[in-house]
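Understanding the architecture of this molecule
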Amino acid sequence: GEDVEQSLFLSVREGDSSVINCTYTDSSSTYLYWYKQEPGAGLQLLTYIFSNMDMKQDQRLTVLLNKKDKHLSLRIADTQTGDSAIYFCAESNEMNRDDKIIFGKGTRLHILP
Amino acid sequence: EAGVTQFPSHSVIEKGQTVTLRCDPISGHDNLYWYRRVMGKEIKFLLHFVKESKQDESGMPNNRFLAERTGGTYSTLKVQPAELEDSGVYFCASSAGGTYYEQYFGPGTRLTVT
């Protein structure tokens, strides 16, 4: 079945850029997502990108999509302590899987002082 | 505008007991989803309501799980009888009609079965 893979941990120094990577298997994915989960909180939809786009930028966040390689990345510029969270990569396939979102296991971002 | 709310935030029950989880979606959202994250695993889709109708329940693990959304507002997810492997965090999400790609999640209910 469809799968989303991402590394489990990432440590970054405060002020540096964080890059979280993700790969997925469904070549017909419609939307790709990044969700953020802070400690003790629910999932926050951080950003999403339509599959016909290569890049989306929103303030400190940049999403890059390489559809050929089925690779998605999230870059957080000027990483702050408040960015410490688990980041979930996810995808959906409107044609084949209706509204169902497939998630990766999440990448825990740790900020070093 | 209030977000998706879930109750309780945490439930601890013994194997064989029954538990009912509740989700209140964002007001006006026709779509309501249930997901589950078992420890160390991915967040997995359970089912999807459109108003009061079940659109897709392909992710429901077995017939011990029963979801309802009477009146098309809040939803309940009942586990009866609970087993140890049911432990995890149950998330509810909602989206407006036609914008399934903007699913807003609740804080989750952590279920522990002992």
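Before reading on, note that the structure itself is shown above.
Residues numbered from 1 in each chain as written. Chains lettered and ligands numbered in written order. Predicted model: local features only at pLDDT ≥ 70, side-chain atom pairs only at ≥ 80, totals over all residues. Heavy atoms only, no water.

1. A short note on the overall build of chain A
- Of regular secondary structure, chain A possesses 1 helix and 11 strands.
- Written out in order from the N terminus, the α and β elements of chain A read β-β-β-β-β-β-β-β-β-α-β-β.
- On C-alpha atoms alone, chain A measures out to a radius of gyration of 14 Å, which is about the 13 Å that the 2.2 N^0.38 rule sets for 113 residues.
- Dimensions of chain A, computed from the C-alpha atoms along their principal axes, are close to 45 × 30 × 20 Å.
- Across the 113 residues in chain A, those meeting the buried criterion constitute 49%.
- Total accessible area computed for chain A in this model is approximately 5500 Å², and 47% of it derives from carbon and sulfur atoms.
- In chain A, which carries 12 positive and 16 negative side-chain charges, the distance between the mean positions of the two groups comes to 3 Å. (Helix = DSSP H or I, 4+ residues; strand = E, 2+ residues; numbered from the N terminus. Rg over C-alpha atoms; globule rule 2.2 N^0.38 Å. Buried < 20%, exposed > 50% of the residue type's maximum accessible area, 1.4 Å probe, protein only. Areas by Shrake-Rupley, 256 points an atom, 1.4 Å probe, with all protein chains shown as cover. Lys, Arg positive; Asp, Glu negative; His and termini not counted. Charge placed at Lys NZ, Arg CZ, Asp CG, Glu CD.)

2. Considerations on the environment of Phe105(B)
- Residue position: Phe105(B) is located in strand β10 (residues 104-105).
- When the C-alpha atoms of Phe105(B) and Ala93(B) are compared, they prove to be 4.1 Å apart, with 12 residues separating the residues in sequence.
- Contact partners of Phe105(B), with chain neighbours within four places excluded, come to Tyr35(A), Leu43(A), Phe103(A), Val4(B), Tyr35(B), Phe91(B), Cys92(B) and Ala93(B). (Contact = heavy atoms within 4.5 Å.)

3. Some points on the interface of chain B and chain A
- Chain B puts 21 residues into the contact, and the matching count from chain A is 22 residues.
- It is Ile43(B), Tyr100(B) and Tyr101(B) in chain B that bury the most area against chain A; as a group they hold 35% of the surface buried on that side.
- Seen at the junction of chain B and chain A, the total is 0 salt bridges.
- The interface formed by chain B and chain A includes 5 residue pairs in polar contact (both at pLDDT 80 or more).
- In terms of residue count, strand β4 (residues 31-37) of chain B provides more of the side of chain B that touches chain A than any other element does, 4 residues in total.
- By residue class, the composition of the side of chain B that touches chain A is 9 nonpolar, 7 polar and 5 charged. (Buried area = accessible area lost by both parts, 1.4 Å probe. Salt bridge = Lys/Arg side-chain N within 4 Å of Asp/Glu carboxyl O. Polar contact = N/O pair within 3.5 Å; in protein donor to acceptor, adjacent residues only side chain to side chain. Nonpolar A, V, L, I, M, F, W, Y, C, P; charged D, E, K, R; others polar.)

4. Some points on the environment of Tyr33(B)
- Structurally, the position occupied by Tyr33(B) is in strand β4.
- The sequence separation of Tyr33(B) and Ser75(B) amounts to 42 residues, and the corresponding C-alpha distance is 9.2 Å.
- Those residues in contact with Tyr33(B), other than ones at most four positions away along the chain, are Asp99(A), Phe45(B), Leu47(B), His48(B), Phe91(B), Cys92(B), Ala93(B), Ser94(B), Ser95(B), Tyr100(B) and Gln103(B).
- Among the polar contacts listed, one links the side chain of Tyr33(B) to the side chain of Ser95(B), at a separation of 3.0 Å.

5. What about the state of the cysteines?
Residues and elements named next belong to chain A.
- Under the definition given, this model contains 2 disulfides over all chains.
- The disulfide partner of Cys 22 is Cys 89, and the S-S distance across this bridge is 1.9 Å. Its torsion about the S-S bond being -65°, the disulfide of Cys 22 and Cys 89 is classed as left-handed. Taken together, the positions of Cys 22 in strand β3 (residues 18-24) and Cys 89 in strand β9 (residues 85-92) put the pair 67 residues apart, joining distant regions of the chain. (Disulfide = S-S within 2.5 Å.)

6. What to know about the packing of aromatic side chains
- On inspection of all chains with the given rule, the structure shows 17 aromatic pairs over all chains.
- Ring centres of Tyr31(A) and Tyr48(A) lie 5.8 Å apart, and the angle between their planes is 75°; this geometry places the pair in the edge-to-face category. Taken as a pair, Tyr31(A) in strand β4 (residues 31-37) and Tyr48(A) in strand β5 (residues 43-50) lie far apart in primary sequence, 17 residues in all.
- For Tyr48(A), a relative accessible area of 19% gives the class buried.
- With centroids separated by 5.4 Å and ring planes inclined at 55°, the aromatic side chains of Tyr48(A) and Tyr101(B) adopt a geometry described as tilted. Taken together, the positions of Tyr48(A) in strand β5 and Tyr101(B) in the loop between β9 (88-95) and β10 put the pair across two chains. (Phe/Tyr/Trp six-rings, centres within 6.5 Å; stacked < 30°, edge-to-face > 60°.)

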